[in-house]
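Each chain, letter by letter, is given below.
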Amino acid sequence: MTAARRDPADFRAEVRDWCREHVPADWRQAQTGCAAAEFVAFQQWWFQQLRGAGFAVPHWPQAWGGGMPVAEQIVLYQELAAHDAPRLVLAFVAVHHAAATLLAAGSDAQRRRHLPAILDGEIWVQGFSEPAAGSDLAALATTAKRDGDGYLVTGQKVWASGAQYADWCLLLARTDTKAPKRQGISYLLLDMRTPGIDVRPIRQATGESHFCEIFLDEVRIPATQLVGAEHAGWQVAQQTLGAERGLTMLELAERLGNAGFRWLLQACAEPDATGRCPIDDPVVADRLAGFETEITGLRALCRDLVQRHDAGTVGPADASIVKLFYSELLQRIMDFGTEIGGVAAHTVLRKPISGGWESGAWVLDFIGSWEWTIPGGTSEIQRTIIGERGLGLPREPVVM
């Protein structure tokens with residue numbers, strides 16, 4: 001069920017009024033270079049602000065606090081982006097990946113335990129990637145050995161965003177080492193307070209430590225925290241990855257089309273030492289026109305994807321098309337911003353950590369933009385999905 005539909009214009013006005021009243025005018029300055037504790041406190045505060053207005057989990061079913069019609073979700077993300085609201089960085093995995101997984105494949109007990117807790121601020125991390133597996137997720141080597149009424153998990157995960165703050169982890173582990181790669185994996189919910197877990201943040205080129213390594217040494221997970229059937233984790237994981245490649249793109253596309261492109265226009269309108277503005281150059285103006293056209297197309301694709309997802313008519317490769325388009329467009333725009341920013345752009349050493357991949361700190365944004373062409377399936381993986389599932393091209397041989 002979904003909530004009763006409101007007049008679109010009235011709802012837009014409602015969201016605009018709420019944003020004017022609740023979006024902190026100085027949040028970017030306050031969240032630039034702040035301590036970890038301040039970042040976590042701000043993120044949890046902002047989540048509860050959105051929750052109080054009914055804006056935190058609009059895509060969830062009504063029974064769990066969502067139920068907002070798709071047309072209103074589009075308006076909501078448009079206005080949040082237009083008013084430069086902070087992003088839910090810490091809650092991202094919880095409200096999208098964890099929720100999608102639990103709603104699609106979790107047990108009633110798992111949903112009752114975790115969905116309300118997520119609304120109260122429970123933080124999740126995704127434990128999928130491994131050092132030796134690369135983009136071949138099915139090649140993971142972390143093992144989960146059955147031991148009485150639970151599993152003993154040993155292995156290593158990497159590129160786990162926000163693991164140092166997480167309460168729970170969506171974990172993939174191999175429960176049958178003799179089965180074909182995709183058939184011996186199970187999907188587990190891991191309490192990050194369990195003994196045997198070592199989380200090590202990775203310092204990135206941007207100066208942040210958003211990514212982490214997770215080391216697991218015979219970590220015990222109760223069998224009640226298995227999601228779906230044993231050895232069927234690959235199928236469950238597709239629900240998680242589908243959320244990452246699909247509905248989350250709507251918000252990201254709106255932010256790129258608002259703050260990202262707006263800051264690019266501002267950078268191109270600033271005069272240099274000679275008094276000339278980059279935008280006066282016909283080549284620059286042509287690039288800007290091209291980016292604006294692409295952003296318009298991306299936003300339309302995202303709106304269409306969300307509407308067809310709601311109608312049950314989404315194609316098997318549609319989410320991959322949007323993810324590929326967004327990630328590579330983001331990269332090209334940040335690259336162009338770095339070019340326009342010149343030497344001065346290289347002197348900016350910090351950006352607000354509650355923001356998106358577009359902050360106006362062009363060099364840091366460009367370095368960070370490479371992140372989006374890798375997680376959730378690299379650009380190469382997305383092109384394979386589009387070719388095989390969307391265009392019906394011959395599949396690559398399966399390595400057993």
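Keep in mind that this is a model prediction, so the values were computed, not measured.

**A word on the packing of aromatic side chains**
Then, number 1: This structure, assessed with the given rule, holds 12 aromatic pairs.
Then, number 2: Pairing tryptophan 18 with phenylalanine 55 gives two aromatic rings, centres 5.3 Å apart and planes at 80°, and the pair type is edge-to-face. Of this pair, tryptophan 18 sits in helix H1 (residues 8-22) while phenylalanine 55 is found in the loop between helix H3 (36-53) and helix H4 (70-82), placing the two residues 37 residues apart along the sequence. An identical accessibility class is assigned to tryptophan 18 and phenylalanine 55; each is buried.
Then, number 3: Consider the rings of tryptophan 159 and phenylalanine 211, whose centres lie 5.6 Å apart with planes at 80°: the pair is edge-to-face. Of this pair, tryptophan 159 sits in the loop between strand E3 (150-157) and strand E4 (168-174) while phenylalanine 211 sits in the loop between strand E6 (197-201) and strand E7 (212-222), and the two are 52 residues apart along the sequence.
Then, number 4: A residue is classified by how much of its surface remains accessible, and phenylalanine 211, at 13% relative accessible area, is buried.
Then, number 5: Put simply, the rings of Phe11, Trp18, Phe42, Trp45, Trp46 and Phe55 pair up and form one aromatic cluster.

**Observations concerning the pattern of salt bridges**
Then, number 1: According to the stated counting rule, one finds 24 salt bridges in the structure shown.
Then, number 2: Measuring nitrogen to oxygen at the nearest pair gives 2.8 Å for the salt bridge that ties aspartate 198 to arginine 200.
Then, number 3: Each of Arg6, Glu14 and Glu72 takes part in one network of salt bridges that share partners.

**Some thoughts on the packing of helix H5 (residues 92-105) against helix H6 (residues 108-119)**
Each packed pair of helices is defined by two parameters, the angle between the axes and the distance between the axes.
Then, number 1: Remark: H5 packs on H6, axes separated minimally by 10 Å, with the N-to-C direction vectors making an angle of 165°. Between H5 and H6, the angle is such that the two are roughly antiparallel. Remark: the crossing between H5 and H6 carries left-handed chirality. Residues Ala94, Val95, Ala98, Ala99, Leu102 and Leu103 of H5 form the contact with H6, whose own contacting residues are Gln110, Arg111, His114, Leu115 and Ile118.

**What about the pairing of E7?**
Then, number 1: With seven bridges joining them, E3 and E7 adopt antiparallel strand pairing. By the bridge assignment for E7, tyrosine 151 is matched with isoleucine 221.
Then, number 2: With five bridges joining them, E6 and E7 adopt antiparallel strand pairing. In the strand pairing of E7, aspartate 198 is matched with phenylalanine 215.

**A closer look at the environment of alanine 132**
Then, number 1: Take alanine 132: it is sitting in the loop between strand E1 (124-127) and strand E2 (143-147).
Then, number 2: A relative accessible area of 80% means that alanine 132 is categorised as exposed.
Then, number 3: Here the alpha-carbon distance between alanine 132 and lysine 157, two residues 25 residues apart in the chain, equals 9.8 Å.

**Quick word on unusual backbone geometry**
Residues apart from glycine generally show negative phi values, whereas peptide bonds are mostly found in trans.
Then, number 1: The backbone of aspartate 84 sits at a positive phi, close to 55°, despite the residue not being glycine.
Then, number 2: Secondary-structure assignment places aspartate 84 in the loop between H4 and H5.
Then, number 3: A relative accessible area of 15% means that aspartate 84 is categorised as buried.
Then, number 4: Unlike most non-glycine residues, tryptophan 159 shows phi in positive territory, near 60°.

**Describing the side chain of serine 327**
Then, number 1: Relative to the helices and strands, serine 327 is located in helix H10 (residues 318-341).
Then, number 2: Beyond its immediate chain neighbours, meaning those up to four positions away, serine 327 contacts Trp372, Thr373 and Ser379.

Here is what the cut-offs are and how they apply
Residues numbered from 1 in each chain as written. Predicted model: local features only at pLDDT ≥ 70, side-chain atom pairs only at ≥ 80, totals over all residues. Heavy atoms only, no water. Phe/Tyr/Trp six-rings, centres within 6.5 Å; stacked < 30°, edge-to-face > 60°. Helix = DSSP H or I, 4+ residues; strand = E, 2+ residues; numbered from the N terminus. Buried < 20%, exposed > 50% of the residue type's maximum accessible area, 1.4 Å probe, protein only. Salt bridge = Lys/Arg side-chain N within 4 Å of Asp/Glu carboxyl O. Axes fitted to C-alpha atoms, helices over the stretch in contact; angles between N-to-C directions. Parallel < 35°, antiparallel > 145°, perpendicular 65-115°, else oblique. Left-handed = near helix turned anticlockwise from the far one by under 90°. Contact = heavy atoms within 4.5 Å. Pairing = 2+ DSSP bridges.

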